[in-house]
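# Analysis of the macromolecular model
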Amino acid sequence: MPLHPLTDLAATGERCAITIQDQALEPTLPFTPYNVFDFYFPAGRASSRHQRSLHYEFLSVEASNRDAVVDFCERFGVLRIVDEGKEPSIMDTLTEESDPRKLAQYPPWSLGGARLARYGDTPAPPGGYRSLAFTEFQEAQAQLRRTVTWAQTWQQAPSRDEAQTARFNLRQLINPKLRVVYPRLAWDEQQARWVTGWDIRSLEAAMYLMLLLDLQGPGTIRTCPWDQIVFLGDERTRYCSLRCQNDHNVQKFRQTMSEKAQKKPQKSTRGGEQKRKSSRSTVRKK
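Let's shift gears to the overall build of the chain. Looking only at helices and strands, the chain features nine helices and seven strands. Within the chain, the fraction of its 286 residues that count as buried is 37%. Across the chain, every contact between residues at least 6 apart in sequence was considered, and the portion connecting residues at least 24 apart equals 60%. Put simply, the chain shows about 18100 Å² of open surface, and 51% of that area lies on carbon and sulfur atoms.

On to the confidence of the model for the chain. For the chain, the mean per-residue pLDDT works out to 82, and 82% of the residues sit at or above 70. The secondary structure element of the chain with the lowest average pLDDT is helix α9 (residues 270-285), at 54, and the one with the highest is helix α1 (residues 54-60), at 96.

In this section: the packing of helix α5 (residues 134-156) against helix α7 (residues 203-216). Closest axis-to-axis distance for the α5/α7 pair is 12 Å, and the angle between their directions is 5°. It follows from the interaxial angle that α5 and α7 lie roughly parallel. Of the residues in α7, those in contact with Ala140, Gln143, Leu144, Thr147, Val148, Ala151 and Trp154 of α5 are Glu204, Tyr208, Leu211 and Leu215.

Once that is clear, we can look at the nonpolar core. Across soluble globular proteins, nonpolar side chains have a tendency to be buried as a group. The biggest cluster of nonpolar side chains holds 50 residues, and the ones touching the most others in it are Phe37, Phe72, Cys73, Leu79, Phe137, Ile200 and Ile221. Considering each element in turn, this core owes the most residues, ten residues, to α7.

All right, on to the sheet that holds strand β5 (residues 193-200) then. An order of β3-β2-β1-β5-β4 is seen for the five strands of this open sheet, with the pairing classed as mixed. Looking along the sheet, the strands with just one partner apiece sit at the ends: β3 (132-133) and β4 (181-188). As judged from the two bridges shared by strand β2 (residues 24-35) and β3, these two strands associate in the antiparallel manner. Counted as the bridge partner of Leu25 is Leu132 from β3. Strands in contact with helix α2 (residues 66-76) are β1 (9-21), β2 and β3; relative to β1, the strand with the most contacts, it is inclined by about 140°.

Let us look at the packing of aromatic side chains. Where two aromatic rings form a pair, the distance of their centres and the angle of their planes describe that pair. With the rule as written, the count across this model stands at eight aromatic pairs. Measuring from centroid to centroid gives 5.0 Å for Phe58 and Phe137, while their planes differ by 70°, and the two rings are edge-to-face. You can see Phe58 sitting in helix α1 and its partner Phe137 sitting in helix α5, a full 79 residues away along the chain. Residue classification places Phe58 among the buried residues on the basis of a relative accessible area of 1%. Consider the rings of Phe72 and Phe76, whose centres lie 5.0 Å apart with planes at 50°: the pair is tilted. One end of the pair, Phe72, and the other, Phe76, are both in helix α2, four residues apart, so they sit about a helical turn from each other. For Phe76, a relative accessible area of 3% puts it in the buried group. Here the aromatic cluster, defined as three or more aromatic residues joined through ring pairs, consists of Tyr34, Phe39, Phe58, Phe72, Phe76 and Phe137.

This brings us to the side chain of Gln152. Within the fold, Gln152 resides in helix α5. A distance of 3.2 Å separates a polar side-chain atom of Gln152 from the backbone oxygen of Ile221. Ignoring anything within four residues of it in the chain, the contact list for Gln152 reads Ile221, Arg222 and Thr223.

Moving on: the environment of Arg201. Along the polypeptide, Arg201 turns up in the loop between β5 and α7. Taking relative accessible area as the criterion, Arg201 reaches 18% and is therefore assigned buried. Taking the C-alpha atoms as reference, Arg201 lies 9.5 Å from Thr12; in sequence the two are 189 residues apart.

With that out of the way, let us pick up a nonpolar patch on the surface. Together, Leu185, Trp187 and Trp194 line one region of the surface with nonpolar side chains, adding up to about 360 Å² of accessible area. Relative to the helices and strands, Leu185 is located in strand β4. For Leu185, a relative accessible area of 63% gives the class exposed.

Calculation notes
- Residues numbered from 1 in each chain as written.
- Predicted model: local features only at pLDDT ≥ 70, side-chain atom pairs only at ≥ 80, totals over all residues.
- Heavy atoms only, no water.
- Helix = DSSP H or I, 4+ residues; strand = E, 2+ residues; numbered from the N terminus.
- Buried < 20%, exposed > 50% of the residue type's maximum accessible area, 1.4 Å probe, protein only.
- Contact = heavy atoms within 4.5 Å.
- Areas by Shrake-Rupley, 256 points an atom, 1.4 Å probe, with all protein chains shown as cover.
- pLDDT = per-residue confidence, 0-100.
- Axes fitted to C-alpha atoms, helices over the stretch in contact; angles between N-to-C directions.
- Parallel < 35°, antiparallel > 145°, perpendicular 65-115°, else oblique.
- Core = buried A, V, L, I, M, F, W, Y, C linked by side-chain atoms within 4.5 Å.
- Pairing = 2+ DSSP bridges.
- Phe/Tyr/Trp six-rings, centres within 6.5 Å; stacked < 30°, edge-to-face > 60°.
- Polar contact = N/O pair within 3.5 Å; in protein donor to acceptor, adjacent residues only side chain to side chain.
- Patch = residues over 30% accessible without salt bridge, like charges linked within 9 Å, V, L, I, M, F, W, Y side chains within 5 Å.
- Salt bridge = Lys/Arg side-chain N within 4 Å of Asp/Glu carboxyl O.

This is the structure in structure tokens:
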């Protein structure tokens, strides 16, 4: 099982309409908050075989296709925001206790309103998203693909040295992305219990956190031999969907039949032609 139950994971992301200006994607108000972990499916938790987590969906985007990039960003948001750091906040230095009902009387832009947004049951969405260049999207995808390749290398490493090299490179690629991720104590009103919330300052960091949880949990990161889609499966699963499995099997069957037809010897017609000639000459003599 994963390190955390799926119901204990929550992180606020925002999606919105996207406009293209020059070579960049511009977020357009209004923003719609959502739980990023609604699109995380650990091994055995997806409702269907072709359902993939957010980070694998990101890898399947055709980054050279502008429409495909815009569609992804409108569904999940742009990758980064202005405030990507974890600099100390003035709220963190105020340790005195407070009544949230009293803090609600202050304007949202005040210190009291900021404290309520930071520590309340429904924290304010991060906001502050900036434009994203198409080249940045492509570079981020290429880097995540390299990271996933090292994860697959670690899972399939035939020797201890290769596994050690893969672990080193995984830490080198993943840890810097997680510097803008930290857990927070959150209360789930529907479940009426404490859950692990996450302050995540970029969608890209959320995808690396999901990959980290995949590495800690069951399942194997695989690449479908038919359409090259990356997905999380088990040791027996080779294809990302039944459709890919069937299409690949049909292609192999046709290829096998074609090879058999090419190897099959052609029947000679010379002997039959000679028999027909001799029979015709016999009839003439009679």
